[in-house]
Amino acid sequence: MASLLEDGLIKTSSIEQVVAPVTSHLCHLILLCESGQEPEHFSQLETVAKAVAKAAKYMATVASRLVVDADDEVMRMEMAPLVESLTVAGQHVLLASQKLSIQPQLEEHREELVVATQNVLLGVVKILLVEDDATVRKIVAAAHWVLECISQIGSAGDMPSLLKAFQVFSRAILLMNNLVEERVPDLRSPKQREQVRGSMHTLTKCISMLHTAMSTTIKHPASEQAHTAKTYVLQQVNSTVNDIVVTLKSNCHWAPSGPNGYYTDRRNSLMQLLGVSDCSTIKVSDFDVLLRDLVFHCMMVANTSRGELQPEVAENCRHALKLWTEISHQLKVQGGALQSKQHLASLCASLIQRIHKLDEAVVTATLCQVLDVFVFAGTPMEQLVNTISHIFEGEPEGREFDQDSFQPLLRAFQSHADRMVQVTGFVAALATDAKSLECVENSRARLMRLRHGVAPVLQELRGDTVQCSGALQKLLDLHHRWVDDTDQLMNAFSDIMDIKAFTSLAVQGMEDSLCGCETAHKCQDLQLFGEHAGLLMGHMNQVVQAVRRHVDKSDDPIYRNGLLVLVRQAEAAAAEVAGCVTDICSSSGHDESAYLSNCYAQAAKEAATIIEKDDSKEVDSLRSELVSLTPLLVQTAQETAMSSGMTMESIYKHTTQFSDLIRNTRNILLPVAGTWDHYKVKTLSELQGDIKILTDTYLQAEEDLGTISHSGILLLAKSELLQRQLQANMKRLSGLLSKVNKDYVIAIENAITLAYSASAKNQESSKAVEAQKHFENAAELLMENVKVATESVQDCFNYIRDPRERIQLRFINDHLSFQMSDIVSRFRLMVETQACCETLSLEIQTQCWSAKAHYLVEEIYKVDGILERIKEQVKLGLQGKKPPSEARVTWTDTPLALPESERGPLFSSGPPCLTYTCLFLKRETERWDSRGNYIVQATKEIADKIYHMAQYLKRKGPIHSKEAFVSSAKTIVSSCQSITQFLKVIADHCLDKHCAADLALVVEQILTITNQLTIISSVNALTPGSKSSDESLVKNAQNLLQIVLKGVRAAETACIKLSVPTGDSSLEMWQGLRQPEPDTNAARAAALCFQWKKNLLIHRALEISNPETDDLGLRKTSPSSAEPSLAPLLHVLGHQNK
């Protein structure tokens, strides 16, 4: 969002009028989400979100009509996808706001709503910019037509040709003039409006000149003056038209139109608008734009301010936006009633008061940023220059500079310079006169040029001694200019800032730093003491400099002399404090040097037994020099601290030698760190803990490096030791990980070897083809094995009980496939380009992939419900090995499908009419979706047969004989076999004992009733004409269907059974089914259950997302959409037998 406003992409006021309210709504959302209010306050969020969604829907509708009516193919191509994207984004806003209203305590819901609204804003802006680009393209096309006409005019050789060319030129210039005149008033930038109008005026004057020059040239072709005039006019027209095109294509950047800075200009304009007697004029003004700009600037200031100052600025912004929302609503519904006008005036007065409070908070936050950022304004640059100067003095002649040694200092300087420039912009925005604004902006521009000029100078240090000397001199010049420009910038600040408020804040900072010094002294924390002492002296210096600048601008001699006395006292106190801090830090710094020296000496002694003989001698020499230099360094530091007259040259010389010895010793010890592991072996968890602690300590040391001038070199030495320890431990951890995950790396390393062989140059053509063939075979086999393994893992997720673990493992499994594809693609690129590049990146990716694959296998092996054979198959596949072939069980080609989500009523206990019951069963089962669902197919067959058998009792239907009647009963028994097998599979694989027992009981009941039905049908076949026997057969068939449905319900229960092992409902785990053998009837049955369970979860999620509630606030469910079921329940109303 910031880039849209800062980069000047919005060029017209009409677009700004559309974007401003949407941006303000988004700011309001962000502030509401970050306010941390109670859940009941989030009702405001949904209201604001609905307003954003409504605006998005309207914009999408307008854009759709624009696409239909447009004749610009470019705009059509660009606009169509943006319309669809904006519509989706608007719906996402509504959904996110509804989710937040359901669970307002979840931070991710708030973030989702903010992101969704940002997407709406981006969609709106993109649509508007596409339409605006189409407008600019029309003007550009007209301008090109004008240039073509100019070319035709210039080539005219006679008056008729000239007249004809001028006629076409007149139409072209008229079209261009109309389009430009329509565009100019809408431009946001006054500078652009002025430039375009000036160019059009010039172009108008050139037309008559062009006609005169061309006529003269045609009449007097030998006149050199006529040809010169013609050439001049043609060039003038061409350049003017091109200037217009360039100006209209350029972005719009804010420029001061008066004496005030950006923030002051927005604030004053807004206050003036709100203060008019007739508040209704706000409706036709730039109210939305002004408030948006003001709040947005305040949020940027707050975002970079101290943590304790951010809430006040954010709270005032939030209240201002709330009042803006109410004012905007009031302007839309306002009538002529006096009460309505009074309410609007009251809202405007409240907003004025809120802007005053916001102004105070923003000014305070800006002053605090000046205090924080400019407390050590020259320190990063000074540290960089001093370090390079000392390295240059200590390096032997002809030895190349180590560029990496001062890169951290360069990055620190650049980061601090960027922050200084940013804060300078905040101060410039507060300017109230043109002179102060110009001074601050000029100083900021100079600082930016100096900031970008340092890095090129450092690159020149790579040359010979003469070139390095010249580069060092340039760097010193840049440093002097940096100090001077910073001082000029602070002088410019004093004309804008309130000196009394600034010094009050600085004194408060000094009090906080003094308390910090006392706390650090009690804890004997030298590092913390140095930090607070540096801040104390920095703030003291800021106060002294600010007051001295203020004194220089005063004309009252008494006032000046009084302040100068206080300034001199403050300077004397600052010098005394600086001396005390130096003594404390120097007296403790030699302990760190001795400790560092002792650590390296001990490390060199231990490594002497495992390194090469030549290296061993050099290490001994370095160790001796280190031991002898350490006391000298400590003594020099103590003498420098005690005597203010001593220069720093001696300590710089000794610290440089000390640093060189440390670096040379480290360069020898690091390569043998892996061998050292045999002497100090640690577990993976211990090494990970050590690395984390060392990383934090090293980063802190790097951050604190150079805070105090005397201890900066010691901190540098300490950071080198920490860096060495960190590298050694990381090398140990990498070695152990390679050993642990070696089984998962072998196949990849084999492919790497073949890739290197295939990418080798200068080999015979036949060998190259053979090597590429071997590589491709290995790569395809590796990808195939990983694919099979990940697919098997995907099937295993149905049997992992913990949902959190299931989500985590699914993410890892998906990433393994993607990462392996990337690794193989890099191999193929190596073979195609015959270039062995990115070796380190490939090694890192391989180690990462192997670690994740090993972790995934270990977690899969922990799951009880998965077959051991499947676990082994996953393990071998991820290791790049071919799993043993398995005999596949033949299976039907019918795909699985789910029944429709229809539920019927249950059987009642009353004795129904047989014909009615069978008819109801048949009609109910006709609503089921039997596509691929063998459970539903079998149930339908049973229902159809029962209905036909009931019709036979009344001598109706397709059954006409006793034999067909008995055959239908036997067919029902046969149809129950597939259902019985399904229920038996679920019972055998159910992890819940109670569900398994229920299913087993149902299976036994089905078998019992089917046996009874078989016996009765056999008896019925031998008793022709017995109506009671026929009715008994139909009733038994109905009982069988009831038991079947009971079994299906039990199967559903088994599939969604939950357990709470810890007694905490938040830790529910799905028990479900145990994994069956693949490619079997059991696997097919389990797949049907899992697919049904997935649809059930989707159904429940849709039910939850329904925003409608009843009078009690309970969520409404859709009456036309019931939960998905394996087979719908049937309920037959009770009827008496007729």
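Residues numbered from 1 in each chain as written. Predicted model: local features only at pLDDT ≥ 70, side-chain atom pairs only at ≥ 80, totals over all residues. Heavy atoms only, no water.

(A) Spatial organisation of the side chain of Ser968. Here Ser968 shows up in helix α32 (residues 962-989). Overall, Ser968 belongs to the buried group, its relative accessible area being 6%. If near-sequence neighbours (up to four positions away) are discounted, Ser968 is found in contact with Lys945, Met949 and Ile959. (Helix = DSSP H or I, 4+ residues; strand = E, 2+ residues; numbered from the N terminus. Buried < 20%, exposed > 50% of the residue type's maximum accessible area, 1.4 Å probe, protein only. Contact = heavy atoms within 4.5 Å.)

(B) Layout of the pattern of salt bridges. Enumeration over the complete set of coordinates arrives at 20 salt bridges. Between Asp359 and Arg267 there is a salt bridge, with the nearest N and O atoms lying 2.9 Å from each other. Pair noted here: Asp359 is in helix α12 (residues 338-373) and Arg267 is in helix α9 (residues 262-274), with a separation of 92 residues, a long-range link. Each member of the pair, Asp359 together with Arg267, is buried. Its salt-bridge partner being Arg828, residue Glu776 comes within 3.4 Å of it at the nearest N-O pair. Placement of Glu776 in helix α26 (residues 765-796) and of Arg828 in helix α27 (residues 803-833) is noted, with a sequence separation of 52 residues between them. The network of salt bridges with common partners includes Glu16, Arg188, Asp265, Arg266, Arg292 and Asp293. (Salt bridge = Lys/Arg side-chain N within 4 Å of Asp/Glu carboxyl O.)

(C) Up close: the environment of Leu489. With respect to the element layout, Leu489 can be found in helix α16 (residues 465-494). Counting along the chain gives 47 residues from Leu489 to Asn442, while the straight-line C-alpha distance between them is 8.8 Å. Ignoring anything within four residues of it in the chain, the contact list for Leu489 reads Phe374, Thr424, Val440, Ser443 and Leu447.

(D) A look at the environment of Asp620. Mapped onto the elements of the fold, Asp620 is located in helix α20 (residues 613-642). The class of Asp620 is partly exposed, set by a relative accessible area of 37%. In the structure, Asp620 is positioned 45 residues away from Thr665 in sequence and 9.6 Å away in space, judged by C-alpha atoms.

(E) Fine view of the environment of Gln272. The topology assignment puts Gln272 in helix α9. Under the relative-accessibility criterion, Gln272 is labelled exposed at 59%. Along the sequence, Gln272 and Ile352 sit 80 residues apart, while their C-alpha atoms lie 9.6 Å from each other.

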